[in-house]
Each structure stands twice: as C-alpha cells, then as structure tokens.
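Take a look at the letters that make up each chain.
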Amino acid sequence: MSHVSDLIASDIREYLLRHERKSLLRFITCGSVDDGKSTLIGRLLYESKMVFEDQLAAIEADSRRWGTQGGEIDFALLVDGLAAEREQGITIDVAYRFFSTDRRKFIVADTPGHEQYTRNMITGASTADVAVILVDARKGVLTQTRRHSYLVSLIGIGKVVLAINKMDLVDYAQDVYRRIDDDYREFAARIGITDITSIPLSALQGDNMVAASDRTPWYAGPTLLEFLETTDIDEHRQQDGPLRLPVQWVNRPNLDFRGFCGMLASGRLHQGDRVRVQPSGRESRVARIVAVGGDRPMAVAGESVTITLEDEIDISRGDLISAADAPAEVADQFECTIVWMADDAMLPGRPYLLKIGARTVGAAITEPKYKINVNTLEHLAAKKLELNEIGVCNIALDRAVAFDPYAANHETGGFILIDRLTNNTVGAGMLHFALRRSHNIHLQPVDIEQAARAELMRQKPAVLWLTGLSGAGKSTIANLVEKKLYAMGKHSYLLDGDNVRHGLNKDLGFTEADRVENIRRVAEVARLMVDAGLIVITAFISPFRAERALARSLLREGEFIEIHVDTPLALAEQRDVKGLYAKARRGELANFTGIDSPYEPPESPELRLPTQQLSAEQSADLVIAKLQELQLLDP
C-alpha cells in the first residue's frame, strides 16, 4: 500500500509511473533503549497513511494489552513484531518497513538499542543513506548514542539526523535542545561526522514529525519528514566511480552463448569498453550488454546485466570485471577493521571463510593491532575480540582477491567472516589497504617437487593426525607407529605436542588463543614435511575442530588422516601419568582440556581407536592397516 493519492482513483497508470520514478531513501533509526525509535517509525507510517484500517484496529487492541501509553495508540507496536519485543517494550531484531510520500519512497530499518544487539544494528546500517539517531531529551547523549554514532561513521553513512525526542517531557525547553545539540556535535566532530541536522520532536505527540509544531516557535529548521523528503541523495556517486562488476554467475544456456551476470557495483559500462578481469589480469572488450528486454548500449551502477566479451577468457563466479584503465587492487593480505558479531571470541590464527562480493576464500586473522573503546575512542591492547567489539587487524587470505578500500567503494571493500564449521556469519569488516608484503613476497618455484621426493622414498606422503584427551595414549601409539614404519623402511617423522613446545612453540601458553596458534604452526610444519615426501605423525590434543579442519585444508585430498584416540575422560583422568588432571582439579592448572577447557571430538575421522578396548600395540597395528588400506605404503 502507498500513501493516499488522487491519481489512484483517476489515473492508476500515471500514478504507478510516478511512483516508479521516485527516488528511494534508505535510513535507519538508532539510539539508546527507550529513546522512542519504534514510536517514531510507527508515527511516520501512520502519518503517511501506510496503516490499513484492520491493522489500526489490531494495533488499538494490542495497545490495550501491550501498550505503554495508557489508552492511547502505542505506535511502537506497528514495528515491534516479536512477542519478546512487545513483552519487554524493546526492539531486538532489525525491523524493515516501507512507506512513501508524493516526493519519495523510503525503506526504514528500526535497529535495537541494547549493546548486546550491536550486530543487528550493523546489519541494518549496511545499506542506509541516512542515520536518524534518537536522544531522549531527559537523558541527553548516552553511551549507546556514542556507540551507534561511531558505528554509523564506521559504516560510512554521511548524513545524520539528531532527533532529540520526548521534548514534551521537558516542556519543549530550548536550552535542553541546545545543550544536547552541542554535546553531540562535539563528539561527532571527533569521529568525522559533520553533516548533522538536529530536530527537536515528540514522536508520540507528533511535534515536528510531519508538520512544524507551534510548541517549538524557537526552532526554524525542517520537520523530520521534510528532511527525509528533501535531503540530497548522491545517487550518481557510484555511477561516477570506476567500473566494478562482480561476477555472480556464468550464464551458459547453450554452446553459442557465454555471458557473465552481475550487478554493477560502480561506474558505467558501454558496449566496446575495454575491461580487465581480476584477479587474473586478462583484458578484453565488451561485446554485448544483455538485460531484460534485449541488448543495451550502456548500463550504470545498480543495474543487473549479463555481458559477453570479444575474447574467450576464463572467468568464474567471484571474479571482478573492472575498467582496464582504472582497475581494482589485487592482494591477499590487508589491514582492516572488524566488528565481531559472534558469541565465541575471534581468535588470531583460527581459520575462517571471508566473503567479499561473490567470492569466498579462506582467511586467518592476526592478533588485533588494537580494539576501540567506542565511548572514549581509545585504542586498547587486545589479544582477541569478543562479541560486539571492534578492532583493527591484519588479515591474510589463501588466495588473492580484487578489492577497493572500503572508503572508496563499500561493495568491493566490505566483507563478512563466516565460521567454517557452522557457516554462521561471525564478523563484518572493512578493508583499509593491502599490506606491502602482499605485493613483495612471492612463491619461489622449485624444480624438485613433492612427487619426485615421494617416488625416491617409494611411499605416499601423508599426515597421521592423532587427536584426543591428555592421557589418551596419543604419544605412545604415535611412537609405536613410527617404529613400525621404520622397520618397514618408510621415511617418517613424529611431531609430539610436548616436544614442539620446547622449541618452535615455547613462546605459547595454554589459553584458547595460544592453543589455536600452536596447532596452526604445527599444521604448517607438517605441510612442509609432507612436501618433503615424509609420512608425518602428529600427537597433539588439538581440541578444536576448526584448527583440525585448517590442517586438513593445507593438504591435498587423501593426505590428511585424522585418527581419534578415543579415551573417556574418566579413564584418561585415572591414568594421569603426568599428574596434570590432579593439578587442574585443584585449580593449579588453568585452561586444561576436559576440565575447564572444551574438547571437540572429531565427527568423522578416518580412524577411531577406542583405547578402552585396545592396547597401544593393537592401536598401532590398526593405524598401519589403515595406511595399507589407503595404499600409502605401497604406491
């Protein structure tokens, strides 16, 4: 439904044409809890005639049940749809609403005010042109006001409306308005927000929402709706930028057509333009631009098209088609800002997936350079990022990607981080620049490769990754396996957890972050040894599935053999050869796996050794049998 227009009854076709041609403004409302965000949106919907009669009747009934305004309509209920939101009188999830006026169409995102829902606020802000930041006139600028303002600045929203709400509760006092306006502008200047329009209003009473209020004769600025209808949207900014077309799909309906589909992230594309495909760097010219209705001579940012090229070039989903004379950068290491959005902390070295545009690659994050206190803007030392924390980090990818700095292009400079095991989005980030070493360090080709070394040793190299609780018998079994391999004339090497910590990893402790780094280093060493042609045996607790998945990902298919030395905690604790469980139970040993730190058992290992039923010798024999079954010993 749209607003009421006389054209609807007299000339519906003309109305629809005008409606289609209206510009679209996306904006968010944010602020602290109970500042009136949902009420403000509800009032806008009501005033723009976006509420059906049956909806209004339902809201009136709900207001009597859930409302906070006595017998009056509680406009917040038009937006707060979750039962938990209505019960608590707060916003939890991001709520999107559409409405329109004669001048413009709008999509508004009502974002939550609680700190624990910061990730929801980031989601709502990611596509917004304007941020409406509400402040309760009674409370002034609060911690969440500063937090949301910082996030708005971080996301790159240039226009801010400071909606000083609930002016009716301070008798529409001008001095209250001025004090809050001054306080906010002082903070905003420190984070780079300069385009600010302050409006005194009462969302509940309707003052300065749609029409100027006679209760604020001292205010001569626009009403909220007037500002939203008339503020300038830089619709051509992306069109004026260099061409960027992320390839979302390769369209091959028949043998005679091969097109590349995607939405133009920026720039203009003309038939005959010379383009560069990245990261490969191959160049060609645009042969055709195909869109709904047939071929077109030109396309602009925001349009979805299919293009064909004059030359046959290997292009796949995730590649970026750029202007040949103004290409994107290509790199595999960056500095970036990350907003952490998962309950589990971000740990340096842990493998994640990074999605930028349509490309998904492996990623590992270094220790944060610092995290940011969004209230004071201080840079604080940090070893990890917790839920809702923001930090600046270096990030390394497993292959090069084409990108622009986020400040130049949000589409090709923004990314999300994904958990490898759950596929949950755990973070959002903005690329700053490529690290210099990403351009200066290259792989050195060598003439003697892994296959030649393996042939000389008459074996297939692999990693036997023994994982299990402390006291499970990993080192004992690993040692027996190596002795058996030696007796068979095979070339192997044993990497034992305790031994490695005396040298390579002597600088690491037993925190979750240090355990992640411990396994990352061991996995890289094991990879090098496999490249040397060896059968590598590792005996590490390696408690986290994500790090074992990282180790597997470094090797070719069939080279990683996960062996679960499956020993119940009670039995492992009963053995306690080193006395570690006893220390952990007495509180003398923190972060001990199985006691106060988790162990994530393999879900589908290549081999499981139930040591309750098997001796160490029998377990070692089963490992050798598995290697023979996989034809690793007699290639």
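As the structure is a prediction and not an experimental result, all values here were calculated from the model.

Observations concerning the overall build of the protein
Tallying secondary structure elements over the protein gives 20 helices and 29 strands in all. The burial tally for the protein puts 51% of its 635 residues in the buried class. Of all intrachain contacts in the protein linking residues separated by at least 6 positions in sequence, the fraction that spans at least 24 positions is 71%. A total accessible area of about 30,000 Å² is found for the protein, and carbon and sulfur atoms account for 48% of it.

Thoughts on helix α16 (residues 512-531)
Under the 1.5 Å per step criterion, the end-to-end length of α16 is 29 Å for 20 residues, consistent within 8% with the ideal 28 Å. Contacts made by the buried residues of α16 are with α13 (450-457), β25 (462-467), β26 (492-496), α15 (497-500), β27 (535-539) and α17 (545-553). Within two residues after α16, G533 carries a phi angle of roughly 95°, on the positive side.

Some points on the nonpolar core
Core analysis: the biggest nonpolar cluster contains 68 residues, and F27, I28, L40, L44, V152, Y184 and L224 have the highest contact counts within it. In this structure I28 touches A109, T111, M121, G124, A125, A128, V130, A131, V132, V152 and I157, once residues within four positions along its chain are discounted.

Observations regarding the sheet that holds strand β29 (residues 607-610)
Consider a sheet: its strands pair through backbone hydrogen bonds, and that pairing is either parallel or antiparallel. Pairing within the open sheet is parallel, and its five strands lie in the order β26-β27-β25-β28-β29. Only two strands of the sheet have a single partner each, and these edge strands are β26 and β29. The sheet shows a mean angle of 15° between the axes of neighbouring strands, direction not considered. As judged from the four bridges shared by strand β28 (residues 560-566) and β29, these two strands associate in the parallel manner. Counted as the bridge partner of I563 is L607 from β29. In this fold helix α14 (residues 474-487) packs onto β25, β26, β27, β28 and β29, with an angle of close to 165° to the strand it touches most, β27. Where α17 meets the sheet, it contacts β25 and β28, and its direction lies at approximately 150° from that of β28.

Some words on the pairing of strand β9 (residues 257-263)
A large share of β9 lies buried, amounting to five of its seven residues. Direction of pairing for strand β8 (residues 249-254) relative to β9: antiparallel, over a ladder of four bridges. Within β9, the residue paired with W249 across the bridge is C261. Two successive antiparallel strands, β8 and β9, enclose a turn made up of two residues. Alignment of β9 against strand β15 (residues 304-309), held across four bridges, turns out to be antiparallel. Note on β15: the bridge partner recorded for F260 is I307.

Description of the side chain of T611
Mapped onto the secondary structure, T611 falls in the loop between β29 and α20 (616-629). On the accessibility criterion, T611 (8% relative accessible area) is buried. A polar contact is formed between the side chain of T611 and the side chain of T567, at a distance of 2.4 Å. Beyond its immediate chain neighbours, meaning those up to four positions away, T611 contacts A472, I477, V565, D566, T567 and R575.

Re the state of the cysteines
Enumeration over the complete set of coordinates arrives at zero disulfides. Unpaired in terms of disulfides, C336 finds its nearest cysteine sulfur in C393, a separation of 5.7 Å. On the accessibility criterion, C336 (0% relative accessible area) is buried.

Details of the packing of aromatic side chains
Applying the stated criterion across every chain, the model contains 10 aromatic pairs. Between F27 and F106, the ring centres sit 6.3 Å apart and the planes meet at 85°, which makes this aromatic pair edge-to-face. Here F106 lies in strand β3 (residues 104-110) and F27 lies in strand β1 (residues 23-31), a separation of 79 residues in the sequence. Taking relative accessible area as the criterion, F106 reaches 0% and is therefore assigned buried. Ring centres 4.9 Å apart and planes at 85° place the aromatic pair Y581 and F592 in the edge-to-face group. Remark: F592 occurs in the loop between α19 (580-585) and β29 and Y581 occurs in helix α19; sequence separation between them is 11 residues. Grouping residues by exposure puts Y581 and F592 together as buried. Through a chain of ring-to-ring contacts, the aromatic side chains of F27, F99 and F106 assemble into a single cluster.

Describing the pattern of salt bridges
As enumerated under the stated definition, the model contains 34 salt bridges in all. D621 is the partner of K484 in a salt bridge, and the nearest nitrogen-oxygen pair spans 3.0 Å. Of this pair, K484 sits in helix α14 while D621 sits in helix α20, and the two are 137 residues apart along the sequence. Look at D621 and you get partly exposed, because its relative accessible area is 38%. Note that E629 and K626 form a salt bridge whose closest N and O atoms lie 3.6 Å from each other. Here the residue E629 and the residue K626 both occupy positions in helix α20, the gap between them amounting to three residues, near one helical turn.

Here we look at the sheet that holds strand β6 (residues 195-200)
Here six strands make up an open sheet; going across it, the order is β2-β3-β1-β4-β5-β6 and the pairing mixed. On the outer flanks of this sheet lie β2 (95-100) and β6, each paired with one strand and no other. Adjacent strand axes in the sheet meet at a mean angle of 25° when their direction is disregarded. In terms of strand pairing, strand β5 (residues 159-165) meets β6 through six bridges, oriented parallel.

Thoughts on the confidence of the model for the protein
Averaged over all residues, the pLDDT of the protein equals 84, while 86% of them reach at least 70. Within the model, the stretch residues 81-92 combines pLDDT values under 50 with 29 contacts to residues more than four positions away or in other chains.

Examining the environment of R103
Residue position: R103 is located in the loop between β2 and β3. Between the C-alpha atoms of R103 and L24, which are 79 residues apart in sequence, the distance is 9.7 Å. Residues in contact with R103, not counting those within four places in the same chain, are K22, E229 and T230.

Regarding the packing of α14 against α20
Viewed as axis vectors pointing N to C, α14 and α20 meet at an angle of 55°, and their least axial separation amounts to 9 Å. In terms of orientation, α14 and α20 fall into the oblique class. Read as a crossing pair, α14 and α20 show a hand that is right-handed. For the pair α14 and α20, the contacting residues are T476, I477, L480, V481, K484 and L485 in the first and A616, E617, S619, A620, D621, V623, I624 and L627 in the second. Within the contact of α14 with α20, the residues separate by chemical class into nine nonpolar, two polar and three charged.

The rules we used
- Residue indices follow the written sequence of each chain, beginning from 1 at its first position.
- Local features in a predicted model are, by the rule used here, given only for residues with pLDDT of at least 70; side-chain atom pairs are given and counted only at 80 or more, and totals for whole chains, interfaces and linings are based on all residues.
- Just so you know, side-chain values use all the structure's heavy atoms and leave hydrogens and water out.
- Helical segments are the DSSP runs of H or I of at least four residues, strand segments are the runs of E of at least two, and each set is numbered from the N terminus.
- A simple rule labels every residue: compare its accessible area, found with a 1.4 Å probe on the protein chains alone, to the largest value its type can have, and call it buried under 20%, exposed over 50%, or partly exposed in between.
- When checking whether two residues touch, look at their non-hydrogen atoms; a contact exists if any pair is within 4.5 Å.
- Accessibility throughout is a Shrake-Rupley quantity obtained with a 1.4 Å probe, and a residue counts as covered only by protein chains that appear here.
- By definition here, a helix of n residues has an expected span of 1.5 Å times n minus one.
- Remark: nonpolar core denotes a set of buried residues (Ala, Val, Leu, Ile, Met, Phe, Trp, Tyr, Cys) joined through side-chain atoms within 4.5 Å.
- A pair of strands is considered paired only if DSSP assigns at least 2 bridges between the two.
- For helices, the fitted line uses only the C-alpha atoms of the stretch in contact; every axis is such a line through C-alpha atoms, and the angle between N-to-C directions lies from 0 to 180 degrees.
- Counted as a polar contact is a pair of N or O atoms within 3.5 Å, where, for protein atoms, one must be capable of donating a hydrogen and the other of accepting one, and residues adjacent in sequence contribute only when both atoms are in side chains.
- Two cysteine sulfurs form a disulfide in these notes if their separation is within 2.5 Å.
- For Phe, Tyr and Trp, rings pair up if their centres lie within 6.5 Å, where Trp contributes its six-membered ring, and each pair is then called stacked (planes under 30 degrees apart), edge-to-face (over 60) or tilted (otherwise).
- Here a salt bridge means any side-chain nitrogen of Lys or Arg lying within 4 Å of a carboxyl oxygen belonging to Asp or Glu.
- Scored from 0 to 100, pLDDT reflects the predictor's confidence in each residue.
- By the definition adopted for this analysis, an angle is roughly parallel if under 35 degrees, roughly antiparallel if over 145, roughly perpendicular if from 65 to 115, and oblique otherwise.
- Left-handed is the label given to a crossing in which the near helix is rotated counterclockwise from the far helix by less than a right angle, and right-handed is the label when the rotation is clockwise.
- We call Asp, Glu, Lys and Arg charged. Ala, Val, Leu, Ile, Met, Phe, Trp, Tyr, Cys and Pro are nonpolar, and the rest, Gly among them, are polar.

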